Amino acid sequence: MSILRENFLWGGAVAAHQLEGGWDQGGKGISVADVMTVGAHGVPRRITDGVLQGENYPNHEAIDFYHHYKEDVKLFADLGLNCFRTSIAWTRIFPNGDEVEPNEEGLQFYDDLFDECLKYGIEPVITLSHFEMPYHLVTEYGGWRNRKMIDFFAKFARVCFERYKDKVTYWMTFNEINNQANYAEDFAPFTNSGIKYQEGEDREKIMYQAAHYELVASAQAVKIGHEINPDFQIGCMIAMCPIYPYSCDPKDMMMSVSAMQKRYWFTDVHVRGHYPSFMENYLARKGFDLDITEQDLTDLTHGCVDYIGFSYYMSFAIKDHDKGPAFDYDESQDLVKNPYVEASDWGWQIDPLGLRYAMNWFNERYELPLFIVENGFGAIDEIEPDGTINDQYRIDYLKAHIEMMKEAVEFDGIPLIGYTPWGFIDLVSAGTGEMKKRYGFIYVDKDNEGQGTLKRSKKKSFDWYQQVIKSNGEEL
Ligand code: BGP
């Protein structure tokens, strides 16, 4: 008997702009992802003023899933997946974002893709907005700093829900909506909200305004979705990196509470339909006079999510730096290295037990079903002379995390819907824009310079994950 439920969703996760390619095909418009720079090792990506990157720009072709999806879905079936998490590129449906009518060719592409999945018993799990809003909405409206975005998003959501109402049950509104809490850097806010900051602007205030509009848009989408199909399960998607206190000094402990509030209040609004008290006080204390209407507050109460989707890659630790009673969290100053865990080549602190901790944190706070929609190990894979890829490090990482996920179910009684490891087929990294940081069980022959045959092959982890699924998580 498996610890996990009978119909547990075993899948893999990707996002449209990181694997589809075909960036200018089928009537697709330009998205923010098409105009980002490629970051180097350890250097985050930057935004541009709409400069389309060079011919070999990784996500323009990506792994060309747009043309290879039939052969790929067949491989996914061979792997044994019963679900496939991807996103719908907003720019395939509304190329500019503000059109009256959607683009039929884009809608048809996802119809065909979902049909192909369903043919093999693979259920599509869909994120509506995964770091790729139409770039036109940025230049014309300033992205999510503009209230008009709510209507554009709600319309996009309605069109998708209506079109795919019989093919998709599990949806998510905004990928890692809380990433933009890291407003100091350019990458996270831009990808999430299409916001480019001007010199001298109060970034934090703008971020909270944008986040508010997104949360209202998400709530409206949830309501629309439930009206279209009451069986829909519509979740939020939170980037979860638990922030531990560095020590048992009460000040570190309180700092950790405060930091968790500042990063995860988005979940409070998604789940409970209203702002938590600490956030109301914080906004007032800062003097942020946001555009929040009575109607917005009503909308929030009518659009609570059905489950919590989250990504989990790493944990953080935090130290109080004599902040006084406010414990205002500043990521760049207050996060410290955790001496108890190792880090990946990209400095991501590897902490399997943190997954069980995170699941407990969500469960105690919200008592909603959880769905682990991203988890994985980014590494540079070496090809052996015989062509094989022996990615034991990836297996080790995932095995350790699945063990903790099972403990959370077995010992803590946490309701868990499924598990979809990130980038199970190699794709373009979101954080760096490169190909060389790989997560896949399926290797794709393409390098950082955009060269390669695009041939797919199985890594060692492919057979391992196949066995994990077959045994419903018993054989790790
Ligand atoms: C998450 C994103 C994904 C993804 C993943 C890995 O934050 O939702 O889009 O790419 O992280 O990150 P990276 O690609 O930077 O290694």
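Residues numbered from 1 in each chain as written. Predicted model: local features only at pLDDT ≥ 70, side-chain atom pairs only at ≥ 80, totals over all residues.

1. Describing the pairing of strand β3 (residues 123-129)
Thinking step 1. Most of β3 sits inside the fold, with seven of its seven residues counted as buried.
Thinking step 2. In this structure, strand β2 (residues 83-87) lies alongside β3, joined through five bridges in parallel fashion. Residue pairing for β3: T86 is matched across the bridge by I126.
Thinking step 3. Examined bridge by bridge, β3 and strand β4 (residues 170-174) share four bridges and lie parallel to one another. (Buried ≥ 20, exposed ≤ 12 C-beta atoms within 10 Å, placed from the backbone. Helix = DSSP H or I, 4+ residues; strand = E, 2+ residues; numbered from the N terminus. Pairing = 2+ DSSP bridges.)

2. Let's talk about the sheet that holds strand β13 (residues 416-419)
Thinking step 1. Within the closed barrel, the eight strands sit side by side as β1-β2-β3-β4-β5-β7-β12-β13. Their pairing is parallel. Shown here is a sheet whose adjacent strand axes are inclined to one another by a mean of 30 degrees, direction ignored.
Thinking step 2. Where strand β1 (residues 9-13) and β13 come together, two bridges link them in parallel fashion. Following the sheet pairing, L9 is matched in β13 by G418.
Thinking step 3. Helix α9 (residues 203-228) contacts β3, β4 and β5 (233-240) of the sheet and is inclined by roughly 155 degrees relative to β4. (Axes fitted to C-alpha atoms, helices over the stretch in contact; angles between N-to-C directions. Contact = placed C-beta atoms within 7 Å.)

3. Details of the pairing of strand β7 (residues 307-312)
Thinking step 1. Counting buried residues along β7, six of its six residues qualify, which places the element largely inside the surrounding structure.
Thinking step 2. Taking every second residue as pointing to the same face, both faces of β7 are buried, with Y307, G309 and S311 on one and I308, F310 and Y312 on the other.
Thinking step 3. As paired elements, β5 and β7 share six bridges and run parallel to each other. In the sheet register, C236 faces β7, and the bridge partner there is I308.
Thinking step 4. Bridging between β7 and strand β12 (residues 370-374) involves four bridges; their strand directions are parallel. In the sheet register, I308 faces β12, and the bridge partner there is L370.

4. Let's talk about the nonpolar core
Thinking step 1. Among the nonpolar cores identified, the biggest contains 138 residues, and I88, L128, F156, I238, I308, F310 and L370 are the most heavily contacted of them.
Thinking step 2. In terms of residue count, α9 provides more of this core than any other element does, 12 residues in total.
Thinking step 3. Not counting chain neighbours up to four residues away, the residues in contact with I238 comprise E176, I177, N178, Y264, F266, T267, I308 and F310. (Core = buried A, V, L, I, M, F, W, Y, C linked by C-beta atoms within 7 Å.)

5. Considerations on the confidence of the model for the protein chain
Thinking step 1. Predicted confidence across the protein chain gives a mean pLDDT of 95, with 98% of residues reaching 70 or more.
Thinking step 2. Across the whole predicted complex the pTM is 0.97, and at the interface the ipTM reaches 0.98. (pLDDT = per-residue confidence, 0-100.)

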